[in-house]
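# Reading the structure
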Number of protein chains: 2
Amino acid sequence: MKLATVSAPDGVTRAAVLDGGVWRALPAPDLSAWLRGGRDGTPGQALADWEPVNPLPTPGKVICCGLNYAEHIAETGRDLPAHPTLFAKHADTLLGPDQEIVVPENAAVDWEAELAVVVGAPLRRAGQAEAAAAIAGYTVANDISIRDWQKRTLQWFQGKAWDATTPIGPIVVTPEEADPAAGLDISCRVNGEVVQHANTRTLVFDSPALLAYISTFTVLRPGDLVLTGTPGGIGAAMDPPRFLADGDIVETRIDGIGTLRNRVRLTPST
Amino acid sequence: MKLATVSAPDGVTRAAVLDGGVWRALPAPDLSAWLRGGRDGTPGQALADWEPVNPLPTPGKVICCGLNYAEHIAETGRDLPAHPTLFAKHADTLLGPDQEIVVPENAAVDWEAELAVVVGAPLRRAGQAEAAAAIAGYTVANDISIRDWQKRTLQWFQGKAWDATTPIGPIVVTPEEADPAAGLDISCRVNGEVVQHANTRTLVFDSPALLAYISTFTVLRPGDLVLTGTPGGIGAAMDPPRFLADGDIVETRIDGIGTLRNRVRLTPST
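Criteria and thresholds
- Residues numbered from 1 in each chain as written.
- Chains lettered and ligands numbered in written order.
- Predicted model: local features only at pLDDT ≥ 70, side-chain atom pairs only at ≥ 80, totals over all residues.
- Heavy atoms only, no water.
- Pairing = 2+ DSSP bridges.
- Helix = DSSP H or I, 4+ residues; strand = E, 2+ residues; numbered from the N terminus.
- Axes fitted to C-alpha atoms, helices over the stretch in contact; angles between N-to-C directions.
- Domains from an automatic or database assignment.
- Contact = heavy atoms within 4.5 Å.
- Buried area = accessible area lost by both parts, 1.4 Å probe.
- Salt bridge = Lys/Arg side-chain N within 4 Å of Asp/Glu carboxyl O.
- Polar contact = N/O pair within 3.5 Å; in protein donor to acceptor, adjacent residues only side chain to side chain.
- Least-squares fit on C-alpha atoms with pLDDT ≥ 70 in both.

Our next topic: the sheet that holds strand S15 (residues 193–199) of chain B. Residues and elements named next belong to chain B. Taken in spatial order, the 5 strands make up an open sheet running S8-S18-S17-S14-S15, and their pairing is mixed. Edge positions in the sheet fall to strand S8 (101–104) and S15, since each of these pairs with one other strand and no more. Strand-to-strand, the axes of this sheet are offset by a mean angle of 20°, without reference to chain direction. Two elements, strand S14 (residues 185–190) and strand S17 (residues 249–254), share 5 bridges in a ladder whose sense is antiparallel. Along S17, the bridge assignment pairs Cys188 with Thr252.

Have a look at this one:
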């Protein structure tokens, strides 16, 4: 199944499922609410002219993995990890699949194309099989990072937690239609130029491994989101480093899921 | 004012304010809800035999500062910071003022007595004066840390985000009754032995500075919690390192606010 939160021209949103090229309404205002409510209900009315927006507006937890593609680890000069590197961001960081990324003009803004896993069932101290069965689906994310703030201290959080800078979507694809372990191409383009290109089969810690690991110390609930890390090709690792400029178009794509297309807008810093 | 979330013997909770030694009901089930609702309502019925529990069960954000007391920074071997070191934890980490801290027996469990700031008004791109005016009050916290997990990777999150390990409370004291900048003694005792003892006037980044800094990149809302960092004396910095054992009693105290008293219970690891 292909799922989305779709919006009417007046801004009203509904959870929806794609049925023969047409979005049909599910009984919830968005996929966050639909997942928390137990994924109930049969598809209803067709929603012509409704467009996908941020599919998961209110996750309780957004947990991110860093350093999870072998070649990205190599470009940061590190060894392959024994444990996933994790940090948290808040739901406020999320942005729709075609919204503008608005950041201060003096910020070092970088891209990080990522596969995002959507949790569909409660998980606590789960093994990998239970974790795999609890995956509601996958979506695309770009963990846009403010590198100068990220590197101000030892902890990355303040470079990762800027409100409305992490686009996700445009849709959530359920596991029977998308298998990251079998291999999905993931890429990031800036103004049409490919800057990142990898395959999800090369993830060091795959989706069930990440969910199981996280569930050792905290409960995951329906609608929670786990970002699985970014491949090589970030701007900060280029020589010289390259950051996003006003008007740049960032396209983040995972084959079989879809493409985010976000324009960068730099504003006078306050 | 002294505020709390108090619980009846049957587990029902209410927001409450202390009035002449008696808790009086405020019109909300807990302080999180009362703060989000605008702090409205006059004190109602006396709640005899109700006891303070976790005052803030549902903060939207819990943001923590590390390395914020000069002598704790010295014991970690680092220079005084130009910027606060920040990380996030989830509301699920929080625990009541006298509840057991339950962790696996093989974990390296350490203490971190902290002053916690409670946000009372929305803050975004705020200056320090606006941030100071938005402080609803202060409470006591212990950012109990699983050091072996904290040190597995570069990011501390997985050692800080264990469910139900961060006691807070017992009450929230409003700013006119407690001034951390003027100086409040903060201490941690383990089985009666003082292991941490400092004064909040020695914080490198005080409460308004932290709230203003965080509000540069994300909105803070009523009920959000900012933990301001821990003084010197953590177990991991002792020679040899010292960690909490089954049955240990951790008492976390800030003069003028109150004392947390939590027993450690180690369980067979899964």
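What follows is about the domain arrangement of chain A. All names here are of chain A. According to the domain assignment, chain A contains domain 1 (2–53) and domain 2 (62–267). Using only C-alpha atoms to locate each centre, domain 1 and domain 2 end up separated by 24 Å. Taken residue by residue, the interface counts 10 residues in domain 1 and 14 residues in domain 2. Summing both sides of the interface, domain 1 and domain 2 together bury roughly 970 Å²; the carbon and sulfur share of this comes to 59%. The three residues of domain 1 that bury the most area against domain 2 are Lys2, Leu3 and Leu35, which together make up 52% of that side's buried surface. There are 1 salt bridge connecting domain 1 and domain 2. The shortest N-O distance in the salt bridge between Glu177 and Lys2 comes to 2.8 Å.

Our next topic: the environment of Ser32 of chain A. Residues and elements named next belong to chain A. Residue placement: Ser32 occurs in helix H1 (residues 31–36). When the C-alpha positions of Ser32 and Val118 are compared, they lie 9.7 Å apart, and in sequence the two are 86 residues distant. The residues touching Ser32, leaving out its near neighbours within four places in the chain, are Pro55, Leu56, Pro57, Thr58 and Pro59. From its side chain, Ser32 meets the backbone nitrogen of Thr58 in a polar contact 3.1 Å long.

Quick look at the relation of the copies chain B and chain A now. Least-squares fitting of chain B to chain A yields an RMSD of 0.0 Å, with the superposition described by an axial translation of 0.0 Å and a rotation of 180°. Look at the turn and shift together and you get a two-fold axis relating the two. Comparing interface residues between copies, 100% of those in chain B also sit at the interface in chain A, which points to an isologous, same-surface contact.

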